[in-house]
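Each chain is listed here by its residues.
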Amino acid sequence: MRRVRYEHSGGPEVLFLEDTPVPEPGPGELLVRAEAIGVTLPVVRKVREAREPIPLGGEVAGEVVAVGAGVTRFGIGDRVTGLVFGHGYAEFAVLRDAMASPVPEGAGAVAAVALVRSGLVAYGALRAARPEPGERALVTAAASGVGHLALQLARIQGASWITAAVSDAGKADFLRGLGADAVVTYDAESWGDPVDYALDAVGGALLKPAVGALGAYGRLVAYSSGGGTVEAYDLLVGAKSVIGFQMALIARERPDLYEAWRKELWDLHLTGRLTPVVHGQFALEEAAAAHALIESRGNLGKVVLVP
């Protein structure tokens, strides 16, 4: 089979395609013929920053072609999606049974990759913010694979106003079309009137203005891999709070909650209330171009590899 990997850290140019044997599923694992693979900012960052090469994991959707010992939830021929921790940029990937979710009848693999993992992160981050109907919301990286879903979910949860924060003002029409009331760029002097909660996918230097955008008792949910620090004084003034969220922790320790959220996302999508947008589909041999697009922050929605 073909798969993408790299041997030393760097930009998109370090990725290369290789031929390798098809893996075999171990106990509690599924072997999936990949139909769509999600490209995420955390993986892109790891390629550039990790000290040692790591397998390119991520979201995969496709057909089960083999199962390991002890697997009872799925069988050969089932269509599933889930997070792969090993080599995911490949024609075949090994997926843990516990991390797999069924793809509903009639739903496509690309939509599954665009919706489920990114949607779960967006939904979980929103839940962590404890939104109340009528509150004002802020979403950073609002045009990203996660951000554009978080924006829509905030509206579904009753937000009265949504500010979308992005790197490029050229994304404004796209975001307004998804329901944003205002679009600001990160370097703007003001991000508008204070909000009740913020969903931050960027981190780093952006944490300070994001916290500054909160009103009294405001909550910021940080779910970025970009790190960053917050001054305690900035929280004391206005009794603000910062909440960390990690989807992998929910998947490992709260599978019941993970499954309930997944079902809710599919219901929202299949009833037309939530629309995952795919910016582009790339072949495996175009993985470098997909990473370059993510690094440029030029994508409007999800970026997907299609073997």
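Just so you know, these numbers come straight off a predicted model, no measurement behind them.

Looking only at helices and strands, one finds nine helices and 15 strands in the protein chain. Projected onto its principal axes, the C-alpha positions of the protein chain cover 55 × 40 × 35 Å. Classification of the 307 residues of the protein chain by burial places 52% in the buried group. Residue pairs in contact within the protein chain that sit at least 24 positions apart in sequence constitute 63% of those at least 6 positions apart. Of the roughly 13100 Å² of accessible surface on the protein chain, 52% is carried by carbon and sulfur atoms.

As a packed pair, helix α2 (residues 109-128) and helix α3 (residues 147-156) sit with axes 9 Å apart at the nearest point and diverge in direction by 55 degrees. One way to sum up the angle between α2 and α3 is to call them oblique. In the packing of α2 onto α3, the handedness of the crossing is right-handed. Contacts between α2 and α3 involve Ala-114, Leu-115, Ser-118, Gly-119, Ala-122, Tyr-123 and Leu-126 from the first element and Leu-149, Ala-150, Leu-153 and Ala-154 from the second. Counted by class, the contact of α2 with α3 contains nine nonpolar, two polar and no charged residues.

The next point concerns the environment of Lys-46. Considering the arrangement of structural elements, one finds Lys-46 in helix α1 (residues 41-49). Lys-46 sits in the partly exposed class, given a relative accessible area of 46%. Separated by 223 residues in sequence, Lys-46 and His-269 have C-alpha atoms that sit 31 Å apart. Setting aside its immediate chain neighbours within four residues, Lys-46 contacts Tyr-6 and Ile-54.

Evaluation of the coordinates by the stated rule reveals three aromatic pairs. With 5.7 Å between their ring centres and 70 degrees between their planes, Tyr-123 and Trp-261 make a pair best called edge-to-face. Remark: Trp-261 occurs in helix α8 (residues 255-270) and Tyr-123 occurs in helix α2; sequence separation between them is 138 residues. Taken as a pair, Tyr-123 and Trp-261 share a single burial class, namely buried. Summarising the aromatic geometry, the rings of Tyr-186 and Trp-191 are spaced 6.5 Å apart at their centres and angled 45 degrees between planes, so their arrangement reads as tilted. An aromatic cluster is built from Tyr-123, Phe-245 and Trp-261, whose rings are joined through pairwise contacts.

Residue position: Ala-90 is located in the loop between β5 (79-84) and β6 (92-96). Taking the relative accessible area as the measure of exposure, Ala-90 reaches 0% and is therefore buried. Remark: the alpha-carbon pair of Ala-90 and Ala-128, spanning 38 residues in sequence, is separated by 33 Å. Filtering out sequence-adjacent residues up to four positions away, Ala-90 remains in contact with Met-1, Arg-2, Arg-3, Ala-34, Ile-37, Leu-284 and Pro-307.

A few words now on a nonpolar patch on the surface. Taken together, the side chains of Tyr-233, Leu-236 and Val-237 make up a nonpolar region of the molecular surface, amounting to roughly 360 Å² of accessible area. For Tyr-233, the location among the structural elements is in helix α6 (residues 232-236).

What follows deals with the packing of α2 against α8. One way to put it is that α2 packs onto α8 with a least axis distance of 9 Å and a crossing angle of 115 degrees. Viewed along their axes, α2 and α8 form a crossing whose handedness is right-handed. Counting all contacts with α2, which are made through Ala-111, Ala-112, Leu-115, Val-116, Arg-117, Gly-119, Leu-120, Tyr-123, Gly-124 and Arg-127, the residues of α8 involved are Tyr-258, Trp-261, Arg-262, Glu-264, Leu-265, Trp-266 and His-269. Partitioning the contact of α2 with α8 into residue classes produces ten nonpolar, three polar and four charged.

What counts as what
Every chain's residues receive numbers from 1 upward, in the order its sequence appears when written. Whole-chain, interface and lining totals are the exception, using all residues; otherwise, since this is a predicted model, local features are given only for residues with pLDDT of at least 70 and side-chain atom pairs are given and counted only at 80 or more. Only hydrogens and water are removed before side-chain values are computed, so all heavy atoms of the structure are retained for them. Numbering of helices and strands runs from the N terminus; a helix is a DSSP stretch of H or I covering at least four residues, while a strand is a stretch of E covering at least two. Here's how the labels work: a residue is buried when its accessible area is under 20% of the maximum for its type, exposed when over 50%, partly exposed in between, all with a 1.4 Å probe on protein chains only. Contacts are assigned to residue pairs with any non-hydrogen atoms lying within 4.5 Å of each other. In this description, accessible areas are obtained by the Shrake-Rupley approach with a 1.4 Å probe, and a residue is regarded as covered only by the protein chains that are shown. Every axis in this analysis is a line fitted to C-alpha atoms, fitted for helices over the stretch in contact. Angles between the N-to-C directions lie between 0 and 180 degrees. Oblique is the label for any angle not covered by the other classes, which are roughly parallel (under 35 degrees), roughly antiparallel (over 145) and roughly perpendicular (65 to 115). Each helix crossing is assigned a hand: it is left-handed if the near helix lies turned anticlockwise from the far helix by less than a right angle, otherwise right-handed if that turn is clockwise. Charged means Asp, Glu, Lys or Arg here, nonpolar means Ala, Val, Leu, Ile, Met, Phe, Trp, Tyr, Cys or Pro, and polar covers whatever is left, Gly included. Note on ring pairs: Phe, Tyr and Trp rings are taken, using the six-membered ring of Trp, and paired if centres are within 6.5 Å. Classes follow the plane angle, with under 30 degrees stacked, over 60 edge-to-face and the rest tilted. What goes into a patch is any residue over 30% in relative accessible area without a salt bridge, connected to like charges within 9 Å or, for nonpolar side chains (Val, Leu, Ile, Met, Phe, Trp, Tyr), within 5 Å. The salt bridge definition used is simple: a Lys or Arg side-chain nitrogen within 4 Å of an Asp or Glu carboxyl oxygen.

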